[in-house]
Amino acid sequence: MKKNLIRICLLLLPGCAALLNALPKAVMLRFAGPEQSFYEYFSGFDLLPVGYAVWGPMLAGVSAAILAVLGAIALYKPTKTLKKWMLGLAAFGCVMSLSPMILGTLTPIGGIVATLLAAEAVTLWFFK
């Protein structure tokens, strides 16, 4: 029962992260206006932040979506190699999700996505 619950978590955690990354307030960009700067919010899968060299949320969302697919595969046929790939992808997605923190534009949704991907990595690390 415990292994089945862990396998379901390996599917649900990145699935929720990918869905949250698709929300319209997942990425914040700061623009300079004529008198003061202003903020605009975008989806993590939107191409406008990528055009302004904010790649982290897009890469985190794509890695979360790939992790969800790999989690679905791991439900039926779990292997050690698959879990190693999933661990590396979860760690990469977590770091990419936290990269807007360098610019001071991390949103609460981005923090939740990073937490979900970190929980995925911890689950994969401890429950082999």
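Our structure's up above, just so we're on the same page.
Residues numbered from 1 in each chain as written. Predicted model: local features only at pLDDT ≥ 70, side-chain atom pairs only at ≥ 80, totals over all residues. Heavy atoms only, no water.

Given a rise of 1.5 Å per residue, 21 residues ought to cover 30 Å, and the 31 Å separating the end C-alpha atoms of helix α3 (residues 56-76) matches this to within 8%. All of the buried residues in α3 are G56, P57, M58, A60, G61, S63, A64, L67, A68, L70, G71 and A74. For α3, the secondary structure elements touched by its buried residues are α1 (2-21), β1 (27-32), α2 (47-51), α4 (80-98) and α5 (108-126). (Helix = DSSP H or I, 4+ residues; strand = E, 2+ residues; numbered from the N terminus. Expected span 1.5 Å × (residues − 1). Buried < 20%, exposed > 50% of the residue type's maximum accessible area, 1.4 Å probe, protein only. Contact = heavy atoms within 4.5 Å.)

Successive residues of a regular strand alternate their side chains across the two faces of the sheet. Here β1 runs beside strand β2 (residues 37-42); their pairing, made up of six bridges, is antiparallel. Opposite M28, over in β2, you have Y41 as the bridge partner. Hairpin connection from β1 to β2: four residues lie between these consecutive antiparallel strands. (Pairing = 2+ DSSP bridges.)

Time to look at α5. In this model, α5 (19 residues) spans 27 Å end to end at C-alpha, consistent with the 27 Å of a helix rising 1.5 Å per residue. Every buried residue of α5 is listed here: I109, G110, V113, A114, L116, L117, E120, A121, T123 and L124. Check the buried side of α5 and you find it contacts α1, α3 and α4.

With that out of the way, let us pick up the side chain of N21. Residue position: N21 is located in helix α1. What makes N21 buried here is its relative accessible area of 4%. Polar contacts involving the side chain of N21 include one to the main-chain carbonyl oxygen of P57, which spans 2.8 Å. Contacts of N21, omitting those with residues within four sequence positions, involve A26, S43, G44, F45, P57, A60, G61 and V113. (Polar contact = N/O pair within 3.5 Å; in protein donor to acceptor, adjacent residues only side chain to side chain.)

Running from N to C, α1 and α3 cross one another at 155°; their axes reach a closest spacing of 8 Å. Between α1 and α3, the angle is such that the two are roughly antiparallel. The two elements α1 and α3 cross, and the hand of that crossing is left-handed. The residues of α3 that touch α1, namely those facing R7, I8, L10, L11, P14, G15, A17, A18 and N21, are P57, A60, G61, A64, A65, L67, A68, G71, A72, A74 and L75. In terms of residue class, the contact of α1 with α3 is built from 15 nonpolar, four polar and one charged. (Axes fitted to C-alpha atoms, helices over the stretch in contact; angles between N-to-C directions. Parallel < 35°, antiparallel > 145°, perpendicular 65-115°, else oblique. Left-handed = near helix turned anticlockwise from the far one by under 90°. Nonpolar A, V, L, I, M, F, W, Y, C, P; charged D, E, K, R; others polar.)

Among the nonpolar cores identified, the biggest contains 28 residues, and A17, M86 and L117 are the most heavily contacted of them. Elements with a minimum of two residues in this core: α1, β1, α3, α4 and α5. No other element matches α5, which puts seven residues into this core. Non-local contacts of A17, meaning those with residues more than four positions away in its chain, are made with A64, V113, L116 and L117. (Core = buried A, V, L, I, M, F, W, Y, C linked by side-chain atoms within 4.5 Å.)

In total, this model carries zero disulfides according to the counting rule given. In this structure C9 is a free cysteine whose sulfur lies 9.8 Å from that of C16, the closest cysteine sulfur available. Residue class for C16 comes out partly exposed when judged on its relative accessible area of 38%. (Disulfide = S-S within 2.5 Å.)

Here we take up unusual backbone geometry. Most peptide bonds are trans, and most residues other than glycine sit at a negative phi. For A53, which is not glycine, the phi torsion reads 65° and is therefore positive. For A53, the location among the structural elements is in the loop between α2 and α3. On the accessibility criterion, A53 (58% relative accessible area) is exposed.

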